[in-house]
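Breakdown of the fold
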Amino acid sequence: MGSTVNYHWPVRMLMTITNKRGKVFYRTKDRLFDLFDNLMAWWSPATRTVYLSISSKGADWKRWDDHNLLAVESLIRYDFNFDGCSVKVERLTASARALPCTEPFQWRLRIRDTAR
């Protein structure tokens, strides 16, 4: 029997996606939110830079430790790689270890659609 992998965003999360100037493109609590479909499917240039913030009130999401950060970054990469994009994920929030997950952590995503 194959292993089951969870491709859901964190429980009780809020995701906000903005441009560099802070214009909100998306604000969602949808644990199945598809980054590629919403950010690249109707975007004609082959590259795009966005800023993604996530917070979570989930019981297993206490602090932005390496485990939780890597879990989110793995989902980001999986989402874009599955659809033929490459993505550079850069952590922007400082002092993450002291930050509770109820506070948003922010990444800069540099996305390149390699199929275009």
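Presented here is a report on the structure given in the accompanying data block.

Analysis parameters
- Residues numbered from 1 in each chain as written.
- Predicted model: local features only at pLDDT ≥ 70, side-chain atom pairs only at ≥ 80, totals over all residues.
- Heavy atoms only, no water.
- Helix = DSSP H or I, 4+ residues; strand = E, 2+ residues; numbered from the N terminus.
- Buried < 20%, exposed > 50% of the residue type's maximum accessible area, 1.4 Å probe, protein only.
- Contact = heavy atoms within 4.5 Å.
- Areas by Shrake-Rupley, 256 points an atom, 1.4 Å probe, with all protein chains shown as cover.
- Lys, Arg positive; Asp, Glu negative; His and termini not counted.
- Salt bridge = Lys/Arg side-chain N within 4 Å of Asp/Glu carboxyl O.
- Phe/Tyr/Trp six-rings, centres within 6.5 Å; stacked < 30°, edge-to-face > 60°.
- Lys NZ or Arg CZ within 6 Å of the ring centre and 35° of its normal.
- Patch = residues over 30% accessible without salt bridge, like charges linked within 9 Å, V, L, I, M, F, W, Y side chains within 5 Å.
- Charge placed at Lys NZ, Arg CZ, Asp CG, Glu CD.
- Expected span 1.5 Å × (residues − 1).

Here the focus is the overall build of the protein. If you tally the helices and strands in the protein, you get 2 helices and 5 strands. Moving toward the C terminus, one meets the helices and strands of the protein in the order β-β-α-β-α-β-β. Its C-alpha atoms give the protein principal-axis dimensions of about 45 × 40 × 20 Å. The buried share of the protein, reckoned over its 116 residues, is 39%. Taking as baseline every contact in the protein between residues at least 6 positions apart, the subset at least 24 positions apart corresponds to 64%. Accessible surface computed for the protein: about 7200 Å², of which carbon and sulfur atoms make up 51%.

Tracing the sequence through the fold places Asp 79 in helix α2 (residues 66-82). Of the side chains with opposite charge, Arg 48 comes closest to the buried, unpaired Asp 79, at an N-O distance of 12 Å. Those residues in contact with Asp 79 that sit more than four places away from it in its chain are Trp 9, Phe 33, Asp 34, Leu 35 and Phe 36.

With that out of the way, let us pick up the pattern of salt bridges. The full count for this structure, using the stated rule, is 2 salt bridges. Of the charged contacts in the structure, one is a salt bridge between Arg 108 and Glu 90, with a shortest N-O distance of 2.9 Å. Placement of the pair is Arg 108 in strand β5 (residues 105-113) and Glu 90 in strand β4 (residues 85-91), with a sequence separation of 18 residues. Since its relative accessible area comes to 17%, Arg 108 is described here as buried.

Before going further, it helps to examine the packing of aromatic side chains. With the rule as written, the count across this model stands at 7 aromatic pairs. Ring geometry for Tyr 26 against Phe 33: centres 5.3 Å apart, planes inclined by 65 degrees, an arrangement best described as edge-to-face. A network of ring pairs unites the aromatic residues Trp 61, Trp 64, Phe 105 and Trp 107 as a single cluster. The side chain of Arg 48 reaches across the aromatic face of Phe 25, ending 4.8 Å from its centre.

Now for a positive patch on the surface. A cluster of basic residues, Lys 20, Arg 21, Lys 88 and Arg 110, forms a positive patch at the surface. Residue position: Arg 21 is located in the loop between β1 (13-18) and β2 (24-28). In this structure Arg 21 comes out as exposed when scored by relative accessible area, which is 80%.

Owing to its 3.6 residues per turn, the α-helix brings residues three or four apart onto one side. Here α2 is 17 residues long and its end C-alpha atoms lie 24 Å apart, about the 24 Å a rise of 1.5 Å per residue gives. Tucked into the core, α2 has its buried residues touching α1 (35-39), β3 (47-56), β4 and β5. Of the residues one or two after α2, Gly 84 is the one with positive phi, at around 85 degrees.

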